[in-house]
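# Residue-level structural notes
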Amino acid sequence: MKILVTGGVGYIGSHTCCELLANNYEVVIIDNLSNSSIDVVAKIEKITGKKVTFYEGDVCKKEILSKIFKQEKIDAVIHFAGYKAVGESVEKPLMYYRNNIDSTLSLLEVMKEYNCKKIVFSSSATVYGNPETLPITEDFPLHTTNPYGTTKLMIEQILADLYKADNNWSIAILRYFNPIGAHKSGIIGENPNGIPNNLMPYIVKVATKELKELNIFGNDYNTKDGTGIRDYIHVIDLAQGHIKAIEKITKEKGIDTYNLGTGNGYSVLDLVNTFKMVNHVDIPYKIVERRKGDIAICYASTKKAEKLLNWTAKLTLEDMCRDSYNYAIKNRKDK
């Protein structure tokens, strides 16, 4: 079975490609390398001992998508490609709406043209906005606090309308909580360009002294230590969730939504202190103003994914911290 992975050279995409190859799927990647490196393709092949087919291109452009579908005979798609920084989306909403919505519409139109009607969509827990109760289940009211989250919610609605119009589609919408960690080999991990928007790569750059200190955005939330609480999930657990979703949409038609998280909430300081303990390093930090669009607490109920996808997260916060640092150290030595 041949899977097209949009944004497959990115952080979550690359780990998912490794899991796909390990499960004997063929992998075709399209990525414009706007927040990733072409070197990752060779790293995926090194980890798995298998070849991937790579196209450099923009998923907004139907011409390259048509070329791929014509040449590769794609069976299903995992759609990761899109801008993903909450803060940046608040500052540049038009850029986020244009890119994230356009890319999805172009992809779906080409999929329809080539009668490929199986897709796993990379959504986000941001579609829940600021939840009134916890843990968050898939039937919670949906509302967003930033343009990034709104693009995810809009795409979910597009997919729902598409299935309503044509119930030959098989669609799995995966709402991620907070993926961190790296492949245990240390060969691939999260390595964003510039100053990281996400917490773990920021911590790692402070640990390796690439950055002086960590900025913690707010310590006045209504939480145990005043810092925001999130459901951190190891990227390998998340990637394996995509394998289960592909299995699901291969077996049956329909559309459904699943939370991918651990069901546990950890504060920013929990993560910092666990990282320090596991890796025996210091993480200097300072408290700065809250970021626009951030909420206090967010963690998942994962019962639906456990029941319907036969999936559960297995790796611990300690694993996430250890693997992230291992990746950083290994790649510093490689330089």
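Use the structure listed above.
The following refers to the structure shown. Note that this is a predicted model, so its numbers are computed, not measured.

With that settled, the discussion passes to the sheet that holds strand β11 (residues 254-260). The 7 strands lie next to each other as β3-β2-β1-β4-β5-β6-β11, forming an open sheet whose pairing is parallel. Looking at which strands have only one partner, the edges of the open sheet turn out to be β3 (53-56) and β11. Taking each pair of neighbouring strands and ignoring which way they run, the sheet shows an average axis angle of 15 degrees. In this structure, strand β1 (residues 2-6) lies alongside strand β2 (residues 26-31), joined through 5 bridges in parallel fashion. Directly across from Lys2, in β2, lies its bridge partner Glu26. Strand contacts of helix α6 (residues 147-165): β5 (118-124), β6 (170-176) and β11, with the helix running at about 155 degrees to β5, the strand carrying the most contacts.

Right, let's get into the side chain of Ser301. Its place among the elements puts Ser301 in the loop between β14 (297-298) and α10 (303-308). On the basis of relative accessibility, which here comes to 11%, the residue Ser301 falls in the buried class.

So, on to the nonpolar core. Within the largest apolar cluster, 39 residues are counted, with the highest numbers of intra-cluster contacts made by Ile3, Leu20, Val27, Ile44, Val120, Leu174 and Ile246. Contributing elements (two or more residues each) for this core: β1, α1 (11-22), β2, α2 (39-48), β4 (76-79), β6, α8 (235-251) and β11. Broken down by element, this core gets its largest block of residues, 7 residues, from α8. Sequence-distant contacts of Leu174, defined by excluding residues within four places in its chain, comprise Val120, Phe121, Ser122, Ser123, Ser124, Gly241, His242, Ala245, Tyr258, Leu260 and Leu309. The next biggest cluster of nonpolar side chains, apart from the first, holds 26 residues, and it includes Leu4, Val59, Leu108 and Ile119.

Time to look at α1. The terminal C-alpha atoms of α1 lie 17 Å apart, and with 12 residues this matches the ideal 16 Å at 1.5 Å per residue to within 8%. Of all 12 residues making up α1, 11 are buried, and the element is well covered by its neighbours. If you check which residues of α1 are buried, you get Tyr11, Ile12, Gly13, Ser14, His15, Thr16, Cys17, Cys18, Glu19, Leu20 and Leu21. Asn24 occupies a position one or two residues after α1 and carries a positive phi of about 70 degrees.

Okay, the packing of helix α5 (residues 93-113) against α6 next. Look at α5 against α6: their axes get within 9 Å of each other, and the N-to-C directions meet at 25 degrees. Viewed along their axes, α5 and α6 adopt a mutual orientation that is roughly parallel. Seen along the crossing, α5 lies across α6 with a hand that is right-handed. Judged by residue contacts, Pro93, Tyr96, Tyr97, Asn100, Ile101, Thr104, Leu105 and Leu108 of α5 engage Pro147, Tyr148, Thr150, Thr151, Met154, Ile155, Ile158, Leu159 and Leu162 from α6. Looking at the contact of α5 with α6 residue by residue, the class counts come to 13 nonpolar, 4 polar and no charged.

A few words on the sheet that holds β14. Spatial strand order, β12-β9-β14: 3 strands in an open sheet with mixed pairing. For this open sheet the edge positions go to β12 (266-267) and β14, each flanked by a neighbour on one side alone. Pairing of strand β9 (residues 229-230) with β14, which is carried by 2 bridges, proceeds in the parallel orientation. Its bridge partner being in β14, Ile229 is matched across the sheet by Ile297.

Taken as a whole and assessed by the stated rule, the structure comprises 5 aromatic pairs. Ring geometry for Tyr83 against Tyr96: centres 5.4 Å apart, planes inclined by 55 degrees, an arrangement best described as tilted. One end of the pair, Tyr83, is in the loop between β4 and α4 (86-91); the other, Tyr96, is in helix α5, and 13 residues separate them in sequence. Among the residues examined, Tyr83 registers a relative accessible area of 26% and is labelled partly exposed. Chaining the aromatic ring pairs together yields one cluster made of Tyr128, Phe140 and Phe177. Over the ring of Tyr221 we find Arg290, and its NZ or CZ is 4.0 Å from the ring centre. Of note, Lys304 hangs over the ring of Tyr258, and the distance from its end group to the ring centre comes to 5.5 Å.

Definitions and cut-offs
- Residues numbered from 1 in each chain as written.
- Predicted model: local features only at pLDDT ≥ 70, side-chain atom pairs only at ≥ 80, totals over all residues.
- Heavy atoms only, no water.
- Pairing = 2+ DSSP bridges.
- Helix = DSSP H or I, 4+ residues; strand = E, 2+ residues; numbered from the N terminus.
- Axes fitted to C-alpha atoms, helices over the stretch in contact; angles between N-to-C directions.
- Contact = heavy atoms within 4.5 Å.
- Buried < 20%, exposed > 50% of the residue type's maximum accessible area, 1.4 Å probe, protein only.
- Core = buried A, V, L, I, M, F, W, Y, C linked by side-chain atoms within 4.5 Å.
- Expected span 1.5 Å × (residues − 1).
- Parallel < 35°, antiparallel > 145°, perpendicular 65-115°, else oblique.
- Left-handed = near helix turned anticlockwise from the far one by under 90°.
- Nonpolar A, V, L, I, M, F, W, Y, C, P; charged D, E, K, R; others polar.
- Phe/Tyr/Trp six-rings, centres within 6.5 Å; stacked < 30°, edge-to-face > 60°.
- Lys NZ or Arg CZ within 6 Å of the ring centre and 35° of its normal.

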